[in-house]
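# A look at the structure
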Amino acid sequence: MTNLLLDTNLPITQTKNLIANSPELLAQYQRGLEILKEKAKRKANNKGWGYTPNGKAEKFIAMVGSDKNFVNMFIGANGSSKTATGANILTNIIYGPQNDFFKHPIFQNWPYIKKGRIISDPTTLKEKIVPELKKWLPSNDASQIPDAPYETGKEGKNYISKFTTNNGWEIDLMSNEQDVKEFESVDLGFVWIDEPMPKDRFMATIARARLGMIIIWTFTPLTYSAWIKDWLDQHLGTDADYVEAEMEDNCKVHGVRGFFEHSHIKRIADAYPEDEKEARVFGKFGHLIGRVHKKFNRKIHVVKPFAINEQDWTTYVALDPHPRVPDHVLYLSVNRKGTKILTGEILSDGTVKLLYERIKAMEASMHYRIEQRVIDPSAYNDDQHRDEKSVGSQLYDLGQSWVKGSKDLMAGIKRTDSALDYEIKQGKFILPPELFIFDSLTITIKQLEEYVWSDWKGRSADEKKPKGQPRDVNDHQVENLHRLLLTEPLFIPYALRRPSALPSGYGISGQPGIGDASDFDPYS
């Protein structure tokens, strides 16, 4: 049989010729035409088939699809495709994989109950979430009634507050302005939170996971973002993970499968006030606007602790004592390759003697080989209003020698930025960072992230130049880090270690009272 090239716009004269001369070909043509029309109709009714995520959205979809994390965060700038990504994730949870981007376990075999919830502010629900869901869910049309893909209801709200699907799903939409009690009592299989929400509503929400649940959270980190960052820091790697996205990640030129023109993105970014750019343009937490060490990234620099042995690591320690807050101690270990890791921290309230004992205990338990101790220069200032010696002098009397660290703040900032610098291409380090941090150093990590530039407040902010100084709040471990790096700490082979670092009474070959300690190497 001759195959006829299908053309939905076949001229009338040719159609008449088919009727007159080849009824069989005409029938084939008409059947094919119906198939084409049906395919076009289905494609128009199910836009999810053709959804193509940008690179960061694809990464987030894979994260959710793996079902490895209880809470999955897409922390994105404005225009980074957060809401469209969330709506398509829900579409593929409800109806199964709609295209190859969603061929992941949770979409192929949903493991939880078929009841979900979407939470946002009232305006976003009405003007963004509902239209986005209607865009990506399979469309309702008259020919499908009473078996339409879904039905909606307002249930007394001024926006659609419920979706019921033809395959057994019930999804309610809640405003984060509703009373916290309304977030309780119902078991859920998934929750999609769009934009930040108050902490009490979030805590009520996670309690809905008694039968198993996954949370998808898409937001630009502006309001309510401080507590979210703290919660994420505490649960990262155990209960939560995240993907960050900038506006440029959705750029046709600089992103992967981006949607927007670069010139349009630049115009929008330039129009934002400086105090909102970190969140709106770069997807960074708004309360950390003006971070000093912007290159610090938990996913890059924070590593799991491992044993530090005396043969392979030389350790340096810094102390920042303070009369009104706990004394801060920070340990930096360096290996033969010059890789530096912050491996220990101490916060000590109380007397200098107690501080000394805690330092001794830490160094013994960690098997540190201490090469040098540096201290805030002010620790050697004697207080004329007090009878006791300075902190540095008291430590010296107890048997520890501390040298004054640098007071050059800007040099410390630049040296730390250099140590944090890195470059990644296609998931591999082109330039690895010089500095890493054990994840057990929670105080150091938090202070490093929250170390921000000081700024003028109120009306004076419009009249004066930036202060050019970091805020002098909770910066003790950061200042310790600055001083440590400015000493340019090096790996010292065991045989060449400083004799002053040995316990008192050691002499030749490291044996008590015999000879030269620098010749002794128990690992050689």
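Residues numbered from 1 in each chain as written. Predicted model: local features only at pLDDT ≥ 70, side-chain atom pairs only at ≥ 80, totals over all residues. Heavy atoms only, no water.

## A closer look at the sheet that holds strand β2 (residues 115-120)
Our working definition: Here, a strand pair is defined by DSSP locating no fewer than two bridges between the strands. Comment: elements are numbered from the N terminus, with helices defined as DSSP H or I runs of at least four residues and strands as E runs of at least two. Fitted lines through C-alpha atoms serve as axes, helices being fitted only where they are in contact, and the angles separating the N-to-C directions of these axes extend from 0 to 180 degrees.
The sheet built from eight strands is open, its strands ordered β3-β4-β5-β2-β6-β7-β1-β8 with mixed pairing. Looking along the sheet, the strands with just one partner apiece sit at the ends: β3 (150-153) and β8 (240-245). Going across the sheet, the axis of each strand differs from the next one's by a mean of 15°, ignoring polarity. Bridge count for strand β1 (residues 71-76) against β8 is six bridges, and the pairing is parallel.

## Considering the side chain of T205
What counts here: Two residues qualify as a contact provided that any one of their heavy atoms is within 4.5 Å of a heavy atom in the partner residue.
With respect to the element layout, T205 can be found in helix α7 (residues 199-206). Sequence-distant contacts of T205, that is, excluding residues within four places in its chain, are made with I119, F183, V191, M197 and M213.

## Topic: the pattern of salt bridges
The condition is simple: By definition, a salt bridge exists where a carboxyl oxygen of Asp or Glu is found within 4 Å of a side-chain nitrogen of Lys or Arg. Three exposure classes are used, based on accessible area relative to the maximum for each residue type with a 1.4 Å probe and protein chains only: buried under 20%, partly exposed in between, and exposed over 50%.
Overall, the coordinates contain 30 salt bridges when judged by the stated rule. K115 is the salt-bridge partner of E170, the closest N and O atoms lying 3.2 Å from each other. Here the residue E170 occupies a position in strand β5 (residues 170-175), and K115 occupies one in strand β2, the gap between them amounting to 55 residues. The shortest N-O distance in the salt bridge between D233 and R298 comes to 2.9 Å. A residue pair is termed long-range when its members are at least 10 positions apart, and D233 in helix α8 (residues 225-235) and R298 in helix α11 (residues 298-301) qualify at 65 residues. Pair check on accessibility: D233 and R298 agree, each one buried. In this structure, a network of salt bridges that share partners links the residues K229, D233, R298 and E449.

## Observations concerning the packing of aromatic side chains
Note the cut-off: Pairing of aromatic rings covers Phe, Tyr and Trp, the last counted by its six-membered ring, and requires centre-to-centre distances within 6.5 Å; plane angles under 30 degrees mean stacked, over 60 mean edge-to-face, and any other angle means tilted. Definition used: whenever NZ (Lys) or CZ (Arg) falls within 6 Å of the ring centre and also within 35 degrees of the ring normal, the charge is taken to sit over that ring.
Using the criterion set out here, one finds 19 aromatic pairs in the structure. When the centroid spacing of 6.1 Å and the interplanar angle of 40° are considered together, the rings of Y51 and F102 count as tilted. Taken together, the residues Y51 in the loop between α2 (23-45) and α3 (55-66) and F102 in the loop between α4 (82-95) and α5 (105-108) connect sequence positions 51 residues apart. In this structure, Y51 and F102 share a single accessibility class: buried. Arranged with centres 5.3 Å apart and planes meeting at 75°, the rings of Y51 and W136 form a pair that is edge-to-face. With Y51 in the loop between α2 and α3 and W136 in helix α6 (residues 122-136), this pair connects stretches of sequence that are 85 residues apart. W136 shares its class with Y51; the two are buried. In this structure an aromatic cluster arises from ring pairing among F202, W217, F219, W227 and W231. Stacked on the ring of Y242, the Lys or Arg K299 has its end atom at 4.1 Å from the ring centre. If you follow R373 out to its NZ or CZ, it ends over the ring of W402, 5.5 Å from the centre.

## Quick look at the nonpolar core
Stated precisely, the cut-off is as follows: Put simply, a nonpolar core is a bunch of buried Ala, Val, Leu, Ile, Met, Phe, Trp, Tyr and Cys residues held in one set by side-chain atoms that sit within 4.5 Å of each other.
Within the largest apolar cluster, 45 residues are counted, with the highest numbers of intra-cluster contacts made by V329, Y331, L332, L342, L435 and L481. Setting aside its immediate chain neighbours within four residues, L332 contacts T314, T315, Y316, K340, I341, L342, L435, L481, L484, L485 and P489. Judged by nonpolar contacts, the second largest core, of 37 residues, contains A87, L137, I160 and F190.

## Some details on empty space enclosed by the protein
How we decide: With a 1 Å grid laid over protein atoms only, a set of points is called a cavity when a 1.4 Å probe fits there but cannot get out and a pocket when it is open yet has protein on both sides within 12 Å along at least five of seven lines; lining residues have an atom within 4 Å of a point. Grid points are joined across faces, edges and corners, and a volume is the space filled by probe spheres set on the points. When residues are sorted by character, Ala, Val, Leu, Ile, Met, Phe, Trp, Tyr, Cys and Pro go into the nonpolar class, Asp, Glu, Lys and Arg into the charged class, and all the rest, Gly among them, into the polar class.
Taken as a whole, this structure holds one cavity of 30 Å³ or more when the rule is applied. Considered as a void within the structure, the largest cavity measures approximately 50 Å³ in volume. Around the largest cavity, the lining residues are L90, I94, I118, L133, L137, Y150, F163, T165 and I171. At the level of secondary structure, the elements contributing two or more residues to the lining of the largest cavity comprise α4 and β4 (162-165). Partitioning the lining of the largest cavity into residue classes produces eight nonpolar, one polar and no charged.

## Structural notes on the environment of R373
Formally: What qualifies as a polar contact is a pair of N or O atoms within 3.5 Å, subject to a donor-acceptor requirement within protein and to the restriction that residues adjacent in sequence count only when both atoms come from side chains.
In this structure, R373 sits in strand β13 (residues 370-375). Note: C-alpha distance between R373 and Y331 (42 residues apart in sequence) is 9.4 Å. One polar contact links R373 to E363, side chain to side chain, over a distance of 2.7 Å.

## So, unusual backbone geometry
Within the chain, S81 stands out as a residue other than glycine whose phi angle is a positive 80°. Within the secondary structure, S81 sits in the loop between β1 and α4. Despite not being glycine, R257 shows a phi value in the positive range, around 55°.

## Focus on the packing of helix α14 (residues 409-420) against helix α16 (residues 476-486)
For any two helices packed against each other, one specifies the crossing angle of their axes together with the interaxial distance. To keep things clear, this is the line we draw: Every angle not falling under 35 degrees, over 145, or within 65 to 115 is termed oblique; those three ranges are roughly parallel, roughly antiparallel and roughly perpendicular.
Where α14 meets α16, the axes come as close as 8 Å, and the angle between the chain directions of the two elements is 80°. The angle between α14 and α16 falls in the class roughly perpendicular. For the pair α14 and α16, the contacting residues are L409, A411, G412, I413, R415, T416 and A419 in the first and L481, H482, L485 and L486 in the second.

## Focus on the sheet that holds strand β14 (residues 403-404)
Taken in spatial order, the seven strands line up as β9-β17-β12-β11-β10-β13-β14 in an open sheet, and their pairing is mixed. Two strands close off the open sheet at either side, each with one partner strand: β9 (302-303) and β14. Where β9 and strand β17 (residues 435-438) come together, two bridges link them in parallel fashion. What sits directly across from V303, in β17, is F438. Seen against the sheet, α16 touches β10 (314-320), β11 (327-334), β12 (340-348), β13 and β17 and runs at an angle of roughly 40° to β11.

## Focus on the pairing of β1
When you tally the buried positions in β1, you get six out of six residues, the bulk of the element. The alternating pattern of β1 places V71, M73 and I75 and N72, F74 and G76 on opposite faces, both of which are buried. As paired strands, β1 and strand β7 (residues 214-219) are joined by five bridges and run parallel to one another. Paired with F74 across the two strands is T218, which belongs to β7.

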